[in-house]
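Given next are the chains, with one letter for each unit.
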Amino acid sequence: MADQHPVSPEGSIPPTALALRWEEPPEGPVLVLLDQTRLPAEEVDLVCTDVPALVEAIRSLAVRGAPLLGLAGAYGIALAAARGFDVDEAAESLAHARPTAVNLAYGVRRAVAAYHAALRDDAGDAQAAAAALAEARALHREDAEASGRMAAHGQALLEELLPAGGHRILTHCNTGALVSGGEGTALAVVKAVHRAGQLRRLWVDETRPLLQGARLTAYEAARAGMAYTLLADNAAGSLFAAGEVDAVLIGADRIAADGSVANKVGSYPLAVLARYHHVPFVVVAPTTTVDPATPDGAAIEVEQRPGYEVTDITIPYVPIAGQEAGTGVPVAPLGTQAHNPAFDVTPPELVTAIVTEDGVISPVTADGIAELWARSRSGNGMMSV
C-alpha cells in the first residue's frame with residue numbers, strides 16, 4: 001500500500017529532495033519515495049508499506065533511474081522481510097518490474113542473499129530482516145561513494161578531452177540525484193564541472209515522451225544554479241551543426257559485455273550525431289550497470305511502454321480549468337498504434353568512453369569491459385551475485 005504526502009517547501013529554491021529513504025514509524029517500517037511523476041510541479045512523498053506498492057511505483061516511474069532502482073529493489077526485500085511477507089515471492093515480483101535496468105535485479109539479489117545467509121546461520125526472522133536492511137544500506141552507501149568517484153573521473157576526462165574549458169554539454173533524460181544515492185551519474189559529472197567554473201551551458205534534451213529532461217533534469221539544474229537551456233529532442237541536430245555542443249554525457253540502464261549501452265530512447269541518435277560532428281560521446285554509469293551475462297546489444301531486452309504515453313499528453317499535477325490533474329489529453333486519432341520503446345542501444349564503436357567509479361574505459365571494447373568487471377568484483381569488497 002502507498003500513501004502520498006506533500007513535502008513541497010516554501011520560499012527559495014531548495015536542494016533536490018531525497019529520492020528514496022527508509023523510515024520506521026510506530027506502525028511499522030516503510031520505504032519513502034519522492035514521486036517523480038509529480039515533479040516539477042510539486043514534491044510529494046510516496047510511502048510504500050508493501051512490495052506491490054513499490055512495484056507499482058517502479059512501473060509507473062514514480063521511482064526510476066538505474067542506480068536508484070537497485071536501491072529500491074534492495075530496500076524492497078528488506079521491507080518484505082521486516083513486515084513478514086514472503087521474501088522470495090517479493091524478489092520475483094521486484095526483479096521483473098522493469099526488464100532492461102540490470103541494477104534492479106542486482107539490488108534484489110544482494111538483499112535476498114544477505115537474508116538467506118542469515119537464515120542459514122540460524123538467525124530468526126527479525127535478524128534475517130535486519131541483515132537484508134543492512135545490505136540495502138550498504139548498497140546505498142556504495143552508490144553514493146560511486147557517484148562521487150564517477151564525478152571526479154568524468155571531470156578529469158573532460159579536462160583531458162576539452163582542455164580549453166568552458167564546456168557546453170548536452171545530456172539526455174535524467175541522471176542526477178533523482179536516480180542515485182549520491183549526486184547521480186552523468187549529471188554528477190556536470191555538477192562537478194559546474195562547481196569548477198567550467199560549465200558554459202548545459203543543453204537539456206526534453207526527452208520525449210515522458211519529458212524526464214524537461215521535468216527532472218531542468219529541476220535539478222535550476223536548484224544547482226547551472227546555466228541550462230531546454231530543447232526539443234529533434235533540435236539537437238541543429239545544435240551540433242552550429243558547433244554549439246562540446247560533449248554529450250548520458251547514463252546507462254545496462255551495459256553489455258561487448259560495451260553496447262542501453263539508455264533512454266533517443267540516446268542512439270545523439271551518438272550518431274556526435275560521431276558525425278566529432279564530438280565526444282561519454283557514458284557515465286556505475287559498475288553495477290555492467291552485465292557480463294548479456295553478450296551484446298542485440299541480447300538486451302528493451303522494455304516496451306504503453307502506447308498512451310505517445311498518443312496522449314499527460315496534464316501536470318497542477319490545477320487546470322476544466323481538466324482533472326494527472327489525466328491524459330489525446331493528441332493522436334483514436335485507435336492510433338504507437339511504438340514506444342523505453343530504451344535504445346548504442347553500439348560500442350560510437351561511445352568515446354565509459355566512466356565508472358573504478359575508472360574510464362576508452363576505447364570501449366569487450367576486453368576493457370571484462371577487465372573492469374574483474375577489477376570491480378575483486379577490488380571493492382562488493383558481493384558477486
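On a predicted model such as this, the values are computed, not experimentally measured, just so you know.

Draft legend 1. The arrangement of the overall build of the chain in detail. Of regular secondary structure, the chain possesses eleven helices and 16 strands. In summary, the chain has a C-alpha radius of gyration of 20 Å against a globular reference of 21 Å for 385 residues, a match within 12%. Across its three principal axes, the chain shows a C-alpha extent of roughly 65 × 60 × 45 Å. For the chain, with 385 residues in total, the buried portion stands at 52%. In the chain, 75% of the contacts between residues at least 6 apart in sequence involve partners at least 24 apart.

Draft legend 2. Representation of unusual backbone geometry in the model. A cis amide bond links Leu-39 to the next residue, Pro-40, at an omega of 0°. Within the secondary structure layout, Pro-40 lies in the loop between β3 (30-34) and β4 (44-48). Phi at Leu-61 takes a positive value of approximately 70°, unusual for a residue other than glycine. In this structure, Leu-61 sits in the loop between α1 (51-59) and α2 (66-82). Its relative accessible area of 6% is what places Leu-61 among the buried residues. Not every positive phi belongs to a glycine, and Cys-173 is a case in point at roughly 65°. Note that Cys-173 resides in the loop between β5 (167-171) and α6 (186-195).

Draft legend 3. View of the packing of α1 against α2. At a minimum axis separation of 10 Å, α1 and α2 run at an interaxial angle of 165°. Classified by the interaxial angle, the pair formed by α1 and α2 is roughly antiparallel. The interaxial crossing formed by α1 with α2 has left-handed handedness. Taken together, the residues of α2 that come into contact with α1 (itself represented by Val-51, Leu-54 and Ile-58) are Leu-69, Ala-72, Gly-76 and Ala-80. When the residues that make up the contact of α1 with α2 are grouped by side-chain class, the tally is six nonpolar, one polar and no charged.

Draft legend 4. Structural detail: the nonpolar core. Formed by 45 residues in total, the largest nonpolar core has its most connected members in Leu-20, Leu-33, Leu-54, Ile-58, Tyr-75, Ile-77 and Leu-94. At the level of secondary structure, the elements contributing two or more residues to this core comprise β2 (20-23), β3, β4, α1, α2, α3 (87-95), α4 (102-120) and α5 (125-161). Ranked by the residues each element gives to this core, the list is headed by α2, at eleven residues. If sequence neighbours within four positions are ignored, Tyr-75 has contacts with Leu-20, Trp-22, Leu-31, Leu-133, Ala-136, Arg-137 and His-140. Counting 27 residues, the second-largest nonpolar core is a separate cluster that includes Trp-203, Ala-252, Val-351 and Ile-354.

Draft legend 5. Representation of the pairing of strand β11 (residues 281-284) within the structure. Burial along β11 is two-sided: Phe-281 and Val-283 and Val-282 and Val-284, pointing in opposite directions, are all buried. Bridging between strand β8 (residues 247-250) and β11 involves three bridges; their strand directions are parallel. Paired with Leu-249 across the bridge in β11 is Val-282. In this sheet, strand β15 (residues 353-356) lies alongside β11 in parallel orientation, the contact comprising three bridges. Within β15, the residue paired with Val-283 across the bridge is Ile-354.

Draft legend 6. Structural context of the pattern of salt bridges. In the structure shown here, the tally under the stated rule is 16 salt bridges. With its nearest N and O atoms 3.1 Å apart, the salt bridge here joins Glu-142 to Arg-110. Here Arg-110 lies in helix α4 and Glu-142 lies in helix α5, a separation of 32 residues in the sequence. According to the relative accessible area criterion, Glu-142 is partly exposed, its value standing at 21%.

Draft legend 7. Molecular detail of the UniProt feature "active site" (unreviewed entry) in the chain. UniProt records the feature "active site" (unreviewed entry) at Asp-253, using the numbering of this structure. On the secondary structure map, Asp-253 appears in the loop between β8 and β9 (254-255). Take Asp-253: its relative accessible area is 9%, and that puts it in the buried class. Excluding anything up to four places from it in sequence, Asp-253 contacts Ala-66, Thr-100, Ala-101, Val-102, Asn-103, Ala-262, Asn-263, Lys-264, Thr-289 and Phe-343.

Draft legend 8. Local environment of the sheet that holds strand β14 (residues 343-346). The strand order across the open sheet formed by three strands is β9-β10-β14, and the pairing between neighbours is antiparallel. Edge strands, defined here as strands with exactly one partner in the open sheet, are β9 and β14. Sheet topology places β9 next to strand β10 (residues 261-264); two bridges connect them, and they run antiparallel. In the sheet register, Ile-255 faces β10, and the bridge partner there is Val-261.

Rules used throughout
Here the residue numbering is sequential within each chain, running from 1 through the sequence in written order. Local features in this predicted model are restricted to residues whose pLDDT is 70 or higher, and side-chain atom pairs enter the listing and the counts only when it is 80 or higher, whereas totals over whole chains, interfaces and linings include all residues. In computing side-chain values, all of the structure's heavy atoms are included and hydrogens and water are not. The numbering of helices and of strands both runs from the N terminus, where a helix is a DSSP run of H or I of at least 4 residues and a strand a run of E of at least 2. As defined in this context, the radius of gyration uses C-alpha atoms, and a globule is described by 2.2 Å times the residue total to the power 0.38. To sort residues, take the accessible area from a 1.4 Å probe on protein chains only and compare it with the maximum for the residue type: under 20% means buried, over 50% means exposed, and anything in between is partly exposed. It only takes one pair of heavy atoms within 4.5 Å for two residues to be counted as in contact. Interaxial angles span 0 to 180 degrees and are taken between N-to-C directions of axes, which are lines fitted to C-alpha atoms, for helices over the stretch in contact. Working definition: roughly parallel below 35 degrees, roughly antiparallel above 145 degrees, roughly perpendicular at 65 to 115 degrees, and oblique for all remaining angles. Crossing handedness is defined as follows: a turn of the near helix away from the far one that is anticlockwise and smaller than a right angle gives a left-handed crossing, while the clockwise case is right-handed. Amino acid classes used here: Ala, Val, Leu, Ile, Met, Phe, Trp, Tyr, Cys and Pro are nonpolar; Asp, Glu, Lys and Arg are charged; the rest, including Gly, are polar. Among the buried residues, those of types Ala, Val, Leu, Ile, Met, Phe, Trp, Tyr and Cys that are joined through side-chain atoms within 4.5 Å form a nonpolar core. Any two strands between which DSSP finds at least two bridges are classified as paired. We count a salt bridge whenever a side-chain nitrogen from Lys or Arg sits within 4 Å of a carboxyl oxygen from Asp or Glu. UniProt positions are given in the numbering used here, feature names are shortened, and annotations may be inferred rather than shown by experiment.

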